[in-house]
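Residue-level listing of the chains:
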Amino acid sequence: MNKHALMLVLAGLLVGCDNTSAPLSFTPEMASFSNEFDFDPLRGPVKDFSQTLFNDKGEVAKRVSGTLSAEGCFDSLEMQDLESNSGIALVLDANYYLDAQTQQKKLRLQGKCQLAEMPASGVSWDTDDNGFIVSAHGKDMEIRYRYDTDGYPLGKTTVAGEQHLTITATPSADKRKRMDYTAVSLLNDKPLGNVKQTCEYDRHNNPEACELVIVDASVKPAVSRKYTIKNSIEYY
């Protein structure tokens, strides 16, 4: 084999290896739940996870944790907002998520494990042909969700009466570092704030630790807050 032919073979092998190691796409459930419940979506065979947000004083501000089945359905999801002293823990029961404490039905599911309705508030969700939530409807309220070709959430637009809130996220061009992103919020086309996040990643291209800067542009002068996110992820 001559040198030119050998180089072509090696190049083909490298391309094949690159395709094999391409990051997995985000599932419809993971992308949609992260959009709705405000946490970073994860790739791959996640068994359980926690995401903890620390303020610049090192105090826990928020925490999200969940467990998933081998098929990628959320068996449980717990959200705590220590800054507002609020939170809820949800557990899967047939085609509903129940409040873990009161056993009250909180969310109804559609299909295998996707969100369908929040009965108490009258909010319902619609999905596209691929199973991603693309819209939500409620009394005098509508939300439209956007994703890229890998299922990464690109933001949403909420319309409630005369109020229009648009959040647009721009992730890193490196598909292995999608949680490195910037996001801009507009309220009635006026800047409300922006976010920038940079992360360190594990072998599944999921974030292990992130630095997050949130700028509140609704006040003058604008206020900037820095946070740190620590993730714990166990895989099947």
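Residues numbered from 1 in each chain as written. Predicted model: local features only at pLDDT ≥ 70, side-chain atom pairs only at ≥ 80, totals over all residues. Heavy atoms only, no water.

Per an unreviewed UniProt entry, the chain is named UPF0257 lipoprotein M8318_22480, and its organism is Leclercia tamurae. Here the chain is described in UniProt, under the heading Subcellular location (unreviewed entry), as follows: "Cell membrane". Annotation of the chain in UniProt includes, under Sequence similarities (unreviewed entry), the sentence "Belongs to the UPF0257 family." (UniProt positions renumbered as here; feature names shortened; annotations may be inferred.)

Attention shifts here to the pattern of salt bridges. Enumeration according to the criterion identifies five salt bridges in this entry. The partner of Lys62 in a salt bridge is Asp81, with the nearest N and O atoms 4.0 Å apart. One end of the pair, Lys62, is in strand S2 (residues 60–68); the other, Asp81, is in strand S3 (residues 74–81), and 19 residues separate them in sequence. (Salt bridge = Lys/Arg side-chain N within 4 Å of Asp/Glu carboxyl O. Helix = DSSP H or I, 4+ residues; strand = E, 2+ residues; numbered from the N terminus.)

A few words now on unusual backbone geometry. Here the amide bond leading from Lys220 into Pro221 is cis, since omega sits at -5°, within 30 degrees of zero. Tracing the backbone shows Pro221 in the loop between strand S15 (207–216) and strand S16 (223–235). One non-glycine residue, Asp38, lies in the positive phi region at around 65°. Tracing the chain through its elements places Asp38 in the loop between helix H2 (28–37) and strand S1 (46–54). Residue class for Asp38 comes out exposed when judged on its relative accessible area of 61%. Even without being a glycine, Asn188 presents a positive backbone phi close to 50°. A relative accessible area of 32% means that Asn188 is categorised as partly exposed. (Buried < 20%, exposed > 50% of the residue type's maximum accessible area, 1.4 Å probe, protein only.)

Looking now at the side chain of Glu29. Note that Glu29 resides in helix H2. Those residues within four positions of Glu29 in sequence are excluded, and the remaining contacts are Gly72, Phe74, Cys113 and Gln114. (Contact = heavy atoms within 4.5 Å.)

The subject of this paragraph is the state of the cysteines. In the structure shown here, the tally under the stated rule is two disulfides. Sulfur-sulfur distance for the disulfide between Cys73 and Cys113 comes to 2.2 Å. Between Cys73 and Cys113, the S-S dihedral sits near -60°, and the bridge is therefore left-handed. Taken together, the residues Cys73 in the loop between S2 and S3 and Cys113 in the loop between strand S6 (105–110) and strand S7 (114–118) connect sequence positions 40 residues apart. Each member of the pair, Cys73 as well as Cys113, is classed as buried. Between the sulfur atoms of Cys199 and its disulfide mate Cys210 the distance is 2.1 Å. Measuring the twist about the S-S bond at about 105°, one finds the Cys199-Cys210 disulfide to be right-handed. (Disulfide = S-S within 2.5 Å.)

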